[in-house]
Amino acid sequence: MTAEAHGAGRPTPAEQTVLDEVTGMLREVLGEYGLDDAEITMDTLFHDDLQLESIDLVTLTAALREHYGDTVNFAAFIADRGLEELIALTVGDLVRHVVASLPAEPAAEAV
């Protein structure tokens, strides 16, 4: 199974780090179905490309909480979305949510 590109730009360095971490979590979930070799990019759709079911999102939510703690609340992130928004949800949407939820790196102080 391959994921098709759906048209987003290159991830920032912070997004790339989170993408790599989220990809690892998704590979664990997908491994249960023998799909752990699926291509995962920022443009990958959870529904159409990865064919994740709601139980898989629950598993992913638990993995996110275990890795990032309560700082990243995926359940709250998807709770207010309608069905069509959930179907259109991309890995990049999740990655951007994680990056926005994490504490910012301390900025270098001007000297």
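For the structure itself, consult the block above.
Caption draft 1: Molecular detail of the packing of helix α1 (residues 13-31) against helix α5 (residues 91-101). In the contact formed by α1 and α5, the axes pass within 9 Å of each other and the chain directions differ by 120 degrees. Considering their axes alone, α1 and α5 lie oblique with respect to each other. Helix-helix and strand crossings are classified by hand; for α1 and α5 the assignment is right-handed. Taking contact as the criterion, the partners of Ala14, Glu15, Val18, Leu19, Val22 and Leu26 in α1 are, on α5, Val91, Leu94, Val95, Arg96, Val98 and Val99. Of the residues that constitute the contact of α1 with α5, the class distribution is 10 nonpolar, no polar and 2 charged.

Caption draft 2: Molecular detail of a nonpolar patch on the surface. A surface patch of nonpolar side chains, amounting to about 310 Å² of accessible area, comprises Tyr33, Ile55 and Val58. When you line up the elements, Ile55 lands in helix α2 (residues 54-68).

Caption draft 3: Structural view of the side chain of Thr44. Following the sequence through the fold, Thr44 ends up in the loop between α1 and α2. For Thr44, a relative accessible area of 0% corresponds to the buried category. A distance of 2.7 Å separates the side chain of Thr44 from the backbone nitrogen of Thr41, its partner in a polar contact.

Conventions used here
- Residues numbered from 1 in each chain as written.
- Predicted model: local features only at pLDDT ≥ 70, side-chain atom pairs only at ≥ 80, totals over all residues.
- Heavy atoms only, no water.
- Axes fitted to C-alpha atoms, helices over the stretch in contact; angles between N-to-C directions.
- Helix = DSSP H or I, 4+ residues; strand = E, 2+ residues; numbered from the N terminus.
- Parallel < 35°, antiparallel > 145°, perpendicular 65-115°, else oblique.
- Left-handed = near helix turned anticlockwise from the far one by under 90°.
- Contact = heavy atoms within 4.5 Å.
- Nonpolar A, V, L, I, M, F, W, Y, C, P; charged D, E, K, R; others polar.
- Patch = residues over 30% accessible without salt bridge, like charges linked within 9 Å, V, L, I, M, F, W, Y side chains within 5 Å.
- Areas by Shrake-Rupley, 256 points an atom, 1.4 Å probe, with all protein chains shown as cover.
- Salt bridge = Lys/Arg side-chain N within 4 Å of Asp/Glu carboxyl O.
- Buried < 20%, exposed > 50% of the residue type's maximum accessible area, 1.4 Å probe, protein only.
- Polar contact = N/O pair within 3.5 Å; in protein donor to acceptor, adjacent residues only side chain to side chain.

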